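# Analysis of the macromolecular model
Residue strings, one per chain:
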Amino acid sequence: MITKKGISASPGVAIGPTLVLDTEEFRIPRRTIDPSQVPAQIQTLDAALDASRQEVSELRLSAARKLGGKTATIFEFHEQFIADPKLRTNVVELIEQHRYTAAYSFAQVMNRWQRVFQTVADPYLKERVRDLFDIEKRVLRHILGSVREDISRLTESVVIVAHDLTPSQAVSLDRQHILGLAINVGGQTSHMAIIARMHGIPAVVALNDITSDVSGGETVIIDGTHGIVIANPDADAVERYRTQEREYHAFELELAGLRDLPAVTRDGVPVSLMANIEFAEETQAAMDAGAAGVGLYRSEFLFLSGPRLPTEEQQYEAFRTAARHAGGKTTIIRTMDLGADKMAESIGAPHDHNPVLGLRSLRYCLQHLDMFKTHLRAILRASVEGNVQIMFPMITTLMELRQAKATLADVMEDLEEEEIPFRRDLATGIMVETPAAALLSSAFAKEAAFFSIGTNDLTQYTLAVDRGNERVSHLYSPHNPAVLRLIRQVIRAARVGNIPVALCGEMAGAPIYTQLLLGLGLRALSMAPKDIPEIKKVIRSTTIARCEKIARRIMRFDADRQVLNYLRDNLRAIGPEFI
Ligand code: PEP
Ligand code: MG
């Protein structure tokens, strides 16, 4: 049994067999097995050798068809090597005599062969070393996990163990079969974590080297709430976590009962709880969870799903669906926020040296006006279907906002000329997620129809801490007094400028922050639909007078630890179950 501590990315408990992705980059742990497991390990080896040979044979045929016989001979070597009985015998010997796992034994044997090939004089054989690496990867993939990287079509329920998930893998998660996620890298607000939370899949990130600590098929426990992963758990641990899992579901069920109750404090102040969504299809579930509208539609996910840009029609369909399902409630569509950790194949992602500070998001759009205009056209056309609003992300200067609005005005003119209906009066707001925008919020309040504070990025940029880098995650705290002062400044600027302000970073869905945010003056929060019931419960358990007192006290602190301890005490005071 190995216990590893990472960062909690999505709460809940999952217990199940692992599917290890990206095996090629990782060491195979030296693991011994019980004698009773020897036949099963040999069976795994045989199945992997068979499947690999089959794969290579298909590749050879298709290469011969497409590229001619010469290329196909490369695969002949692979096929012969895998089918050679000597290879199997050597691996089986290690399994039987040393009780090593099939994966470790196979890697050892391949290592030996690679060394032999490297030292021979024959240039042809020397060249083949790279083929041996290839063969090793292929067979190991079959030993360690039955399906490689294709996590959109799973046939059995598994816990995914991976170094990282690409955006396209993250968006194609097969929710039905993915019990949990254990990931080497990442932080609490990396997009992978956000998606896991959105889908309610327990997840732990920043586990360092979990991909080397577990092998495919081994049982693991994911404790997403506390950021713990246990590999090869004993019966006691499984029992303990099954109990925790039942308690977690019971709490969720209790919260579901709040669905139709208003989000109003004990002293009668209503709070608007909106939903963050990534796909139009999630709108219905958000409404079912009691959302007052869509506070953040991360439209860039349309661009992350495939290798091609979505057409205007495809975008329009998605936005229309969201607006319709929201049934007249506010639907804030954020223009595509690509870049940084959301690189899309479809836009041929430019490689910036420092992508978080590079040509991302609105900056990219303003340099690719054709694509941006198509995007805006689709949003405007969908605006007649409901209460659609537009929000520009990553604003740092007033000039950017003016340029974005001018582009929007151009698109409106085009639509008018073409007599295509849209809502000319649709509100155009901005995300305040850079320190520059926060510091200049009183100027922005004169030109934006609303603010939505994006604390995920605001924290990253204020504290100069990459939100997805586990090595600096201890420095990433949205409750840092520097971030809180900026949040307060934005709320005040909105009040003076008489425009609505909401907060849509992950902070909005974390109960620990609710009283502070209300105390600072926020009356609209946007979060993963799943978080709405718990935040509602916190709101219904407190008063604005109490929240303001908490906020006043906190704004006098200058260390984030003080803030957190004080928030914890104050949350415990209104309901120990929240902690
Ligand atoms: C944010 O930055 O807080 C935000 C809500 O946007 P995203 O997480 O998509 O960057
Ligand atoms: Mg952001």
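An account of the accompanying structure is given in this report.

## A short note on the site of ligand 1
Around ligand 1, the structure places 16 residues, and the nearest of them are Arg298, Arg334, Gly454, Asn456 and Arg467. One nitrogen or oxygen atom from the main chain of Asn456 is found 2.8 Å from an oxygen atom belonging to ligand 1. One nitrogen or oxygen atom from the side chain of Asp457 is found 3.0 Å from an oxygen atom belonging to ligand 1. Taking 290 Å² as the accessible area of ligand 1 by itself, protein coverage stands at 100%. Secondary-structure elements contributing two or more residues to the shell around ligand 1 are helix H8 (191-199), strand S10 (294-298) and helix H19 (455-463). It is H19 that provides the largest number of residues to the shell around ligand 1, a total of three residues. Here the residues of the shell around ligand 1 are counted per class, giving four nonpolar, five polar and seven charged. Here the shell around ligand 1 gathers at least three residues from each of two domains, domain 3 (268-402) and domain 4 (427-579).

## Some remarks on the sheet that holds strand S5 (residues 178-183)
Spatial ordering of the open sheet is given by S1-S8-S7-S3-S4-S5-S6-S2, a layout of eight strands whose pairing is mixed. At either margin of the open sheet sits one strand with a lone partner, and together these are strand S1 (2-5) and strand S2 (7-10). On average, adjacent strands in this sheet sit at an angle of 30° to one another, irrespective of strand direction. Note: strand S7 (residues 219-223) against strand S8 (residues 228-231), four bridges, orientation antiparallel. Bridging across to S8, Val220 finds its partner in Ala231. Where H8 meets the sheet, it contacts S2, S5 and strand S6 (203-205), and its direction lies at approximately 50° from that of S2.

## Topic: the side chain of Gln460
With respect to the helices and strands, the residue Gln460 is situated in helix H19. Among residues more than four places away in sequence, those in contact with Gln460 are Val356, Arg360, Val465, Asp466, Arg467 and Tyr476.

## What about the environment of Val538?
By the secondary structure assignment, Val538 is in helix H22 (residues 532-540). For the pair Val538 and Gly575, spaced 37 residues apart in sequence, the C-alpha separation works out to 8.0 Å. Residue contacts for Val538: discarding those within four places in its chain leaves Pro511, Thr514, Gln515, Leu571, Ile574 and Phe578.

## Here's the deal with the coordination of the magnesium ion (ligand 2)
Bound to the magnesium ion (ligand 2) on the protein side are Glu433 (OE) and Asp457 (OD), at distances that span 2.0 to 2.1 Å. Placement of Glu433 in the loop between strand S13 (428-432) and helix H17 (435-439) and of Asp457 in helix H19 is noted, with a sequence separation of 24 residues between them.

## Some points on unusual backbone geometry
A positive phi is found at Arg99, a non-glycine position, where the angle reads about 60°. By secondary structure assignment, the location of Arg99 is in the loop between helix H3 (85-98) and helix H4 (102-119). A positive phi is found at Glu419, a non-glycine position, where the angle reads about 55°. Inspection of the secondary structure assignment puts Glu419 in the loop between helix H16 (398-417) and S13. The class of Glu419 is exposed, set by a relative accessible area of 72%.

## Observations regarding the pattern of salt bridges
Inspection of every chain in the model, using the stated rule, returns 29 salt bridges. With a shortest N-O distance of 3.2 Å, Arg360 and Asp337 are connected by a salt bridge. Pair noted here: Arg360 is in the loop between strand S11 (330-334) and helix H14 (361-367) and Asp337 is in the loop between S11 and H14, with a separation of 23 residues, a long-range link. The class for Asp337 is buried, based on a relative accessible area of 1%. Residue Arg572 pairs with Asp569 through a salt bridge whose shortest N-O separation is 3.6 Å. Here Arg572 pairs with Asp569, and both are found in helix H24 (residues 560-574), just three residues apart, close to one helical turn. Taking the relative accessible area as the measure of exposure, Arg572 reaches 40% and is therefore partly exposed. Taking relative accessible area as the criterion, Asp569 reaches 46% and is therefore assigned partly exposed.

Calculation criteria
Residues numbered from 1 in each chain as written. Chains lettered and ligands numbered in written order. Predicted model: local features only at pLDDT ≥ 70, side-chain atom pairs only at ≥ 80, totals over all residues. Heavy atoms only, no water. Near = heavy atom within 4 Å. Polar contact = N/O pair within 3.5 Å; in protein donor to acceptor, adjacent residues only side chain to side chain. Areas by Shrake-Rupley, 256 points an atom, 1.4 Å probe, with all protein chains shown as cover. Helix = DSSP H or I, 4+ residues; strand = E, 2+ residues; numbered from the N terminus. Nonpolar A, V, L, I, M, F, W, Y, C, P; charged D, E, K, R; others polar. Domains from an automatic or database assignment. Pairing = 2+ DSSP bridges. Axes fitted to C-alpha atoms, helices over the stretch in contact; angles between N-to-C directions. Contact = heavy atoms within 4.5 Å. Donors = N, O, S within 2.8 Å, 3.2 Å for Na, K, Ca; no water. Buried < 20%, exposed > 50% of the residue type's maximum accessible area, 1.4 Å probe, protein only. Salt bridge = Lys/Arg side-chain N within 4 Å of Asp/Glu carboxyl O.

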